[in-house]
Amino acid sequence: AQVFHFDAAWNHGPEKLLAALRHRMPAAIQMKSVRAVRADFHARFDAKGKRYTYHIHLGDAEPFERPYCWPFFRELDLSAMEGVAAVLRGRHDFRAFTALNGPEREDTVRDLRRLDLVKRGSRLRVIAEADGFLYKMVRSLVGTLVSAGEGKLTPLQVEEMLRARTQTAAILTAPPQGLFLDRVFYR
């Protein structure tokens, strides 16, 4: 669901541009659609929100799935994870849940509208939706949920982390393999 924009002098319509782009892109990149937008549109700054999914496989994953999930071999308490997710949902300063270093360069307050856990068999999916995300924020949220599921963090400790706004070793950063940008929202 990655969205990008560019300026081009093209007189043949979006369908032909899509065909031309597909022809020149590497096989690993799939172009889904092309459309004309207003001249001042910016793919990053006009976004009103994003949704990410993170895939955890409880136990060993199939060889073809391993590059796209976090195989997790310990027991997780889903109700403890739900309790921490409830604390994290809403408008908070997520400074403690980012890998930003040094002085703050951007506002770290975000509205986390959705943080859901969906379990099907040995697959656990974390769905995070917000008005925006900080650097490594989703992976930090997932790591925090997993730590809660292991009994290492309580909802009260997570509330304190939000208040303290300080990075701590207690906030685990989940590996990148399971993270996917699912959708970018405009207007």
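Up top is the structure these notes are about.
Residues numbered from 1 in each chain as written. Predicted model: local features only at pLDDT ≥ 70, side-chain atom pairs only at ≥ 80, totals over all residues. Heavy atoms only, no water.

**Points about the overall build of the chain**
A count of helical and extended segments in the chain gives 4 helices and 6 strands. When its helices and strands are written in sequence order, the chain yields α-β-β-α-β-β-β-α-α-β. In terms of its C-alpha atoms, the chain occupies a principal-axis envelope of roughly 60 × 40 × 25 Å. Residues counted as buried form 37% of the 187 residues belonging to the chain. Taken as a whole, the chain presents about 11,600 Å² of accessible surface, with 51% of it coming from carbon and sulfur. Here the chain contributes 30 positive and 22 negative side-chain charges, whose respective centroids are spaced 5 Å apart. (Helix = DSSP H or I, 4+ residues; strand = E, 2+ residues; numbered from the N terminus. Buried < 20%, exposed > 50% of the residue type's maximum accessible area, 1.4 Å probe, protein only. Areas by Shrake-Rupley, 256 points an atom, 1.4 Å probe, with all protein chains shown as cover. Lys, Arg positive; Asp, Glu negative; His and termini not counted. Charge placed at Lys NZ, Arg CZ, Asp CG, Glu CD.)

**Re the pairing of strand S1 (residues 47-58)**
Sheet topology note: the S1/strand S6 (residues 179-186) ladder contains 7 bridges and is antiparallel. Directly across from Gly49, in S6, lies its bridge partner Phe185. (Pairing = 2+ DSSP bridges.)

**Focus: the side chain of Arg139**
Relative to the helices and strands, Arg139 resides in helix H3 (residues 137-149). Polar contacts involving the side chain of Arg139 include one to the main-chain carbonyl oxygen of Ala174, which spans 2.6 Å. Once you skip the residues sitting within four places of it in the chain, Arg139 turns out to touch Tyr54, Leu172, Thr173, Ala174, Pro175, Pro176 and Leu179. (Polar contact = N/O pair within 3.5 Å; in protein donor to acceptor, adjacent residues only side chain to side chain. Contact = heavy atoms within 4.5 Å.)

**Describing unusual backbone geometry**
At Lys136, a residue that is not glycine, the phi angle is positive and equals roughly 60°. One can find Lys136 in the loop between strand S5 (123-130) and H3.

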